[in-house]
Amino acid sequence: MRKKAVSKLLALGLSAAMMVSLAACGGKNESGGESSGSAAQEESGQETDSQEEAGQTGENVQADSGEAEIAPYPDEQTWDHLDRVTLYPFDTNTTSGLVTGYKADVLAKRGLEMEVWAYSDEKTNAILASGDLPDIMFVKYDNLKTMIEGGLVLNLEEYLNQMPHIAENEQIQTALNYTRTYRSADTGEVYGIPIQIGVEEEAEDTGRNAVKVNWKAYYAAGCPEIKSVDDLIPAMKKMLEVMPESEEDGTKCWGTILNAGSDDQYWGNMQLWYKWFGYEPDSLPYLVETDMIKGEHHSILEENRDSLYYKGLKWYNECLREGVMDPDSINNERQVQKAKVETSLACMIPSGTCAGWAGYRPIYIPGMSLYQENWAKPYGADTYVVISANTENVEAALRAVDMMADFDAYFEIWCGPEGDLWEYGEDGLVYPTEFGIKSALGEETTVFESTGEERVLWLDNFIIKRNFTDSYIGPDGPRHARGLAEWPEVKEISNQQDEIVQWRETFGYDTFVEQLKADNAYVLRSPLDNVVSFCPDPDDAMKLTVDAVKDTVVEASWKMVYAKNDEEFEGLWDQMIKDCIDLGAEDIVSWRLDELSKAKETRDSLEAE
Amino acid sequence: MGKKMSAADITYNVLCGIVFAVFSIICIFPFYYLFICTISDPSLVEVGKIVFLPKGLTLKNYREVLRLPNLGNSALVTLGRTVLGTASSLFVTSYLAYFFTRTEMWGRKFWYRAVVATMYFSAGMIPVYLNNKMLGLLNSFWIYIVPGLVGVYNMILVKTSMESVPAELEESAVLDGAGYLTRFTKIILPLQKPILATVGLFTAVGHWNDFFTTQLYITKPKLYTLQFLLYEFQNQVKNAASQINSASEAAGVGGSNIQPTGIRLTLTAIVIIPIMLVYPFIQKYYVKGVMIGAVKG
């Protein structure tokens, strides 16, 4: 009896302790405002105090230097010691650990040494919850909002003039105005600086936004005329007759190859099909098509068999039934498709998600308009560089952030130290070395001779995104920053490669863009550029419906590709539409169209300012 | 003289042989396939042209992986945590199990249930992270040891095994004046070899394969484990291959020939080889140990 009473008392005590701790968590959440977890709230109280101190320090510095005065460029100053900053990168491309080698010299030029933390999604959640932030990190806006409210990040408004590359760059200033209004958790101040700010520049071709052909096979087949998308399948057949197996490694060739590893947001194989027609697939998860050329959005449910989605599936099905599609496509991971297309060159016309690069050349289908693939954004991507409010050395962190807006630093990271891939000529201009030219052409490895280091992806997401550096000038002007492949001296040689010469002779133009312009088929700026940037993500409840619709569409799409006859195909299409409507897709479509319309108005009003 | 086999016996033996041979091949083939892919041309591996025999023999995948900076240090860290973590976990877990076999332990049933309850409920990743941070384990080697000292499932196995030891063995030691620790180390523990080998294997494999702890709690490269280093390398190769191949377009040249699938398989091979070497030595304890732990009395 006594033992039972003691057991009951102990159990009651344990329950009471659990209830008290639950109540304590809830109490702290209510008093601290919105936040993610009680510990984050505990930290945020401390961080708010630190932030206020930092702000006061900033104000003092500001008062000393004068509000309008912009600090000098860090890379033009002499540093007697290096300040260490910690960085949490954007993705796994940036190697973790203390930066060494020539990249350390790039940092040392700015008085810095950098310790990079290893990136992972789990670690991101852990450090955000614990408040154990590195000095600098990249965060998406959802997290930034929480961090601003929790006082975890430094208010950069007072420090902008201490980042000269940011303060003097008009594009960045425009993006910061947008950030203040829409991405500051209603504070009206800058807490995070967006990345990938820039305006797309015209290139020699449209990137992935064009039909490309395996040039060797196409040329050997006599350059069959392609007047419409309907001519692609006969062209593939002719190409397969002359090249049934890859010359690289004997892999069996196919007209086109798909993959099943890119279906995380929508049926990924629609990507290139859409781009061929000047569409973008970014609203496909919501069953909305975006015509970038005409500047229109369409609902797939309403368009039904007039939609580009239907036509794409029909084309893929026809490819399979005509025997020109890899029948193993549904088993291909993305890497396998990539290997078949890009390494083995076993694909005649790349589609799906793999555009095909070396060995493939774009062809123009009359009547179709194409636009430049857009990576830079005037207001930046929805990811931000922030500085921790607990940073011990704010000035060093500011210099590091400033470096990410310095395209000279980007050049130095990508092109390496002077003397390896490039050098100064007697006239003080930048020229490629012989080794540099050979490396760019793939005849040598991209290992820097002076240091033995390999050029690998590192901190690829800078604040500013553009092609050219500032200070490294060649005879034709500022040098291309991302390697030597686009430098005129390299292009002069690479443009003499057989396939490029043959392409010119076949079509009579120097570049693909020139050919498009001749037919008035080229669009650099779309009426819908950057509209998607202003669209919100669906809420959790809607997200469930979106995911359910996606699963339905992906499964049905694959079945339609492998349909044995038209009757089966049409039946599957009708069933897919019905299933989507039953799941509530019409509400999703309606919501998305509404948000796109509002987003366009927001973008227009920002541009008007 | 041997017994003469009838035709039916021979047929039966042959059929059995065929069936078991097929199953054996099914079990062994994945390891064989893994190995031949690591020594074949990476581009052929990528397009699935390697099936039964290696093609384009090369060791470049191994050379790439073995050239990783910090590989030696991370291997030492992994070895250290495996050995130290396994030994300390075995001792602490078995000692705790011993406590729970002592009827005189105060609140034995309550504490046992409280410990077992932690198998069913977890506070989640964030509270665990904060707890470890509070204990000062971030960026410390002890993050690999301390949180994993007690494995509840392992403790249950050991406890069940210990309960099969006759009480008379301990009673005689008690009469001779032996304390709990002496009885545990000199009488009980030596009799638990099978279960300790089993539990030790589970624990050692867990330590060897774990990279999540490093990913979450460690930012200093000198404390990276082998698994984490290889995981990071694999991610970088995967991302670099996709980027480099795209950037090669303008120059009309091929991209990197270090393909992610080949790297992934090479990493797998490097990581499982030590375990495969150790396992045969403790296999004899393994089955026996699992059965002892599972069946009470």
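Residues numbered from 1 in each chain as written. Chains lettered and ligands numbered in written order. Predicted model: local features only at pLDDT ≥ 70, side-chain atom pairs only at ≥ 80, totals over all residues. Heavy atoms only, no water.

Draft legend 1. Examining the pairing of strand S6 (residues 211-214) of chain A more closely. Residue and element names in this part refer to chain A. Here S6 shows a buried face lined by Val 211 and Val 213 and a second buried face lined by Lys 212 and Asn 214. Sheet topology note: the S6/strand S10 (residues 360-363) ladder contains 4 bridges and is antiparallel. Among the inter-strand pairings, Asn 214 is bridged to a residue of S10, identified as Tyr 360. (Buried < 20%, exposed > 50% of the residue type's maximum accessible area, 1.4 Å probe, protein only. Helix = DSSP H or I, 4+ residues; strand = E, 2+ residues; numbered from the N terminus. Pairing = 2+ DSSP bridges.)

Draft legend 2. Fine view of the domain arrangement of chain B. All names here are of chain B. On domain assignment, one finds that chain B holds domain 1 (1-68) and domain 2 (69-294). Contacts between domain 1 and domain 2 engage 17 residues on the former and 21 residues on the latter. Roughly 1700 Å² is buried in total at the junction of domain 1 and domain 2, and carbon and sulfur atoms are behind 76% of that figure. When the buried area of domain 1 at its contact with domain 2 is split by residue, Leu 34, Val 65 and Leu 68 rank highest and sum to 38% of it. Across the contact surface, domain 1 and domain 2 share 0 salt bridges. At the surface where domain 1 touches domain 2, the tally comes to 0 residue pairs in polar contact (both at pLDDT 80 or more). Within the residue set of the side of domain 1 that touches domain 2, elements represented by two or more residues are helix H1 (7-38), helix H2 (42-46) and helix H3 (60-66). The greatest single-element share of the side of domain 1 that touches domain 2, amounting to 6 residues, is contributed by H3. Taken together, the residues of the side of domain 1 that touches domain 2 break down into 9 nonpolar, 3 polar and 5 charged. (Domains from an automatic or database assignment. Contact = heavy atoms within 4.5 Å. Buried area = accessible area lost by both parts, 1.4 Å probe. Salt bridge = Lys/Arg side-chain N within 4 Å of Asp/Glu carboxyl O. Polar contact = N/O pair within 3.5 Å; in protein donor to acceptor, adjacent residues only side chain to side chain. Nonpolar A, V, L, I, M, F, W, Y, C, P; charged D, E, K, R; others polar.)

Draft legend 3. The arrangement of the sheet that holds strand S2 (residues 97-98) of chain A in detail. Residues and elements named next belong to chain A. Judged by pairing direction, the sheet is mixed, and its 6 strands sit side by side in the order S2-S3-S1-S4-S12-S5 without closing on themselves. Each edge of the open sheet carries a strand with a single partner, namely S2 and strand S5 (193-194). Examined bridge by bridge, strand S1 (residues 83-88) and strand S3 (residues 112-116) share 5 bridges and lie parallel to one another. The partner of Asp 83 across the bridge, within S3, is Leu 112. Contacting S1, S3, strand S4 (136-140), S5 and strand S12 (383-387), helix H14 (residues 394-403) crosses the sheet at an angle of about 60 degrees to S1. (Axes fitted to C-alpha atoms, helices over the stretch in contact; angles between N-to-C directions.)

Draft legend 4. View of the sheet that holds strand S9 (residues 296-299) of chain A. Residue and element names in this part refer to chain A. In space, the 3 strands of this open sheet follow the order S7-S8-S9, with antiparallel pairing throughout. Each edge of the sheet is formed by a strand with only one pairing partner; in this case those strands are strand S7 (279-280) and S9. Sheet topology note: the S7/strand S8 (residues 288-291) ladder contains 2 bridges and is antiparallel. The residue of S8 that forms the bridge with Tyr 279 is Asp 291.

Draft legend 5. Seen up close, the state of the cysteines. According to the stated counting rule, one finds 0 disulfides over all chains in the structure shown. You can see A:Cys223 has no disulfide; the closest cysteine sulfur is in A:Cys253, sitting 17 Å from it. (Disulfide = S-S within 2.5 Å.)

Draft legend 6. Just the pattern of salt bridges, in detail. Residues and elements named next belong to chain A. One pass over the full model with this rule turns up 37 salt bridges over all chains. Notably, a salt bridge pairs Arg 399 with Asp 83, separated by 2.8 Å at the nearest N-O pair. One end of the pair, Arg 399, is in helix H14; the other, Asp 83, is in strand S1, with 316 residues separating them in the sequence. Across the pair, exposure class does not vary: Arg 399 and Asp 83 are buried alike. Its salt-bridge partner being Lys 275, residue Glu 280 comes within 2.9 Å of it at the nearest N-O pair. Take Glu 280: its relative accessible area is 14%, and that puts it in the buried class. On the basis of relative accessible area, Lys 275 is assigned to the buried category, the value being 3%. Linked by salt bridges that have partners in common, Arg 305, Lys 314, Arg 321, Asp 566, Glu 570 and Asp 574 make up one network.

Draft legend 7. The arrangement of the nonpolar core in detail. Residue and element names in this part refer to chain A. With 144 residues, the main nonpolar core has Trp 267, Tyr 309 and Trp 315 as its most contacted residues. Residue contributions to this core peak at 9 residues, all from helix H20 (residues 540-561). With sequence-adjacent residues up to four places away left out, Tyr 309 is seen in contact with Trp 267, Met 270, Tyr 274, Leu 284, Glu 289, Ile 300, Val 553, Ser 557 and Trp 573. The next biggest cluster of nonpolar side chains, apart from the first, holds 62 residues, and it includes Ile 197, Met 403, Leu 421 and Ile 463. (Core = buried A, V, L, I, M, F, W, Y, C linked by side-chain atoms within 4.5 Å.)

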